[in-house]
Each structure stands twice: as C-alpha cells, then as structure tokens.
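# Observations on the model geometry
So the chains spell out like this:
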Amino acid sequence: MSENMTIVWYPGHMAAAKRKLKEKLPLVDFVIELLDSRVPLSSRNPDIRDICGSKPIITLLTKSSLCDNRRTNYLINQLEKEGRHVISIDCKTGKNVNLVNKAIREVLDEKIKRFESKGMTGRRLRGVVVGITNVGKSTFINAFTKTSKAKAEDRPGVTRELNWVSSPYGIDLLDTPGLLWHKFDDPEVGVRLALTGAVRDEILDIYHLSFKLIENLKEKYPELLCSRYKITISEEDSTADIFDKIGRKRGFLISGGEIDADRLCVCLLDEFRGGKIGNITLD
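Heads up: these notes are all about the structure in this document. (Residues numbered from 1 in each chain as written. Predicted model: local features only at pLDDT ≥ 70, side-chain atom pairs only at ≥ 80, totals over all residues. Heavy atoms only, no water.)

Moving on, we get to the overall build of the protein. The number of helices and strands found in the protein is eleven helices and six strands. Here the protein holds 283 residues, and 50% of them are scored as buried. For the protein, restricting intrachain contacts to residue pairs at least 6 apart in sequence, the fraction spanning at least 24 positions comes to 68%. In the form shown here, the protein has an accessible surface area of approximately 13600 Å², with 48% of it arising from carbon and sulfur atoms. (Helix = DSSP H or I, 4+ residues; strand = E, 2+ residues; numbered from the N terminus. Buried < 20%, exposed > 50% of the residue type's maximum accessible area, 1.4 Å probe, protein only. Contact = heavy atoms within 4.5 Å. Areas by Shrake-Rupley, 256 points an atom, 1.4 Å probe, with all protein chains shown as cover.)

For the rest of this paragraph, the subject is the pairing of strand β4 (residues 125-130). For β4, a buried count of five out of six residues is recorded, marking the element as mostly surrounded by other parts of the structure. The pairing of strand β1 (residues 30-36) with β4 spans four bridges and is classified as parallel. Of the residues in β4, the one forming a bridge with E33 is V130. Across four bridges, β4 lies against strand β6 (residues 171-175) in parallel orientation. Note that in β6 the partner of R126 across the bridge is D172. (Pairing = 2+ DSSP bridges.)

Take the packing of aromatic side chains next. Applying the stated criterion across every chain, the model contains five aromatic pairs. On the numbers, 5.6 Å between centres and 70° between planes, the contact of Y207 with F243 is edge-to-face. Residue Y207 is found in helix α8 (residues 206-220), and its partner F243 is found in helix α10 (residues 239-250); the two are separated by 36 residues along the sequence. On the accessibility criterion, Y207 (41% relative accessible area) is partly exposed. Note that R126 overlies the ring of W164, its terminal NZ or CZ placed 3.7 Å from the centroid. (Phe/Tyr/Trp six-rings, centres within 6.5 Å; stacked < 30°, edge-to-face > 60°. Lys NZ or Arg CZ within 6 Å of the ring centre and 35° of its normal.)

Here you go:
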C-alpha cells in the first residue's frame, strides 16, 4: 500500500450487492444504516442515500465500546441537528439495542397509522440493514431479533446473499452484503477503513498500515499509545522510532537483535481492533 493508496476490491460482488439491494427496496418500509463508531465518517458509503431514495433511514453507530465517546457524542449531536435519527449501540454488550424498535416505530408513525386506518393493525414492518463490510450488520440483526440466523464473523465479506430475519417485535430485517465503494478519492479514508478491518488484510501491506496506525495514535491518542506499550515518545520520534520502541518493549526480536516486523504488525492491528489500546475514534 503506497502513500497514494487506491484500494479496489470485489467489483463484481459490490455491483451485484447494489443491484440486489435496489431490487428489494420496494419491499421495505425503512432502512437501517450502520456506521463503525471508530470511523463514523469514513464508514459512510456515499452511495447509500441515492440507493435508498426516500426511504426513512435510522443510523446506528456500532461497536461503541471501542470508540472515543466524546467524539461519538459530538457527531450524534451534529447529525441530530440535521434531522437524522441516530443511536449509538454495542451489540456484544447489548447497549441501546432495545432503543431501535422504538426508533423504527417513530419514523414510521404515519405509515403505521395509515395501516391501522385500513384495518391492517399489526402488519409486520420490513426494513433493510445496510453498511460497509465488517461494520456489524449480521451481529446487529442477531442481537435485535434475538436469533442467530444472520451469519456473523469478525472479518469482511462473510454475508454474500440477502436474507430475511424475523424479530419478536413484528419487524422483519433484511441482511445484506457489505457495500464498499470501488475507489477512495481520499486515500486516508481507505487507510482508516483498513485499520478497522473493513478490508481483507491479505490484500494490504500491513507494515505500511501499522505505521499509519502509529501515526494516528501519536497525533490523536499519544497517552494511550504510551500507556499500552509502556514507552515514552517525543515530537522528534519518527514513526519508525516508535515502531522500534514497541517491538523492543514487547520482545519481538529475531536473530541479530532486529525487530520481528511481521509479528509486531499483526500485534498492533489486532490490539487496536480488539480495543486493547483504548477507546479510539480515528475520524
């Protein structure tokens, strides 16, 4: 991955996913858009609004136990001023998942009343869940519906088909493949998404990505970086210097006293994604 990184992936899968989603939209009453709370701006697919048209959208910020809540709260306030319905959730802990049912009924209040006036009281509501790969769509659907019908794994590209899952609230949700755009105009958007695991590590230069992580942490969360790896850093320290300090502190050494770069890169990315470095928002 170069400094002027362009990430291009799954063009066939992405086009097919978008086509299938458009085909199903006439069947749904609302859209649930999931954003990764660690990269809430970078994880917003710019095509979602155009794809979903006039359907009401509820935005969920996922993985809130991993993010910097100060930044998340600021973003929520900004989005709510624009008239958006936004909820910060964490599916592993269950935080605020119970608020989604109420939000759905609020945005569909007029439609539900029309159903009732036509004698369709209790008609099941149908929604589609959209978002980039690995944002937690299947995990959310399982948490909301209290089932394990949506296939959920902590890696991108697991869901390939569109599947309906019923909930006990009279609401059916459509699980969809992740919608990533084919090219990022801002290379830093691609970097931030790659850091959170939205891109397969197999197609990335994890050495360069690890350096980008250190750069971000040095700029935004130096205290967390130093605390986690028990190092001290100064403004004069280069990214390579910090990388070396962490490797030596962890004892990731090979013959000749050099740093085991591959091992350290994997460690840095895994610990960031697992929240072990701390609560971090990169946007």
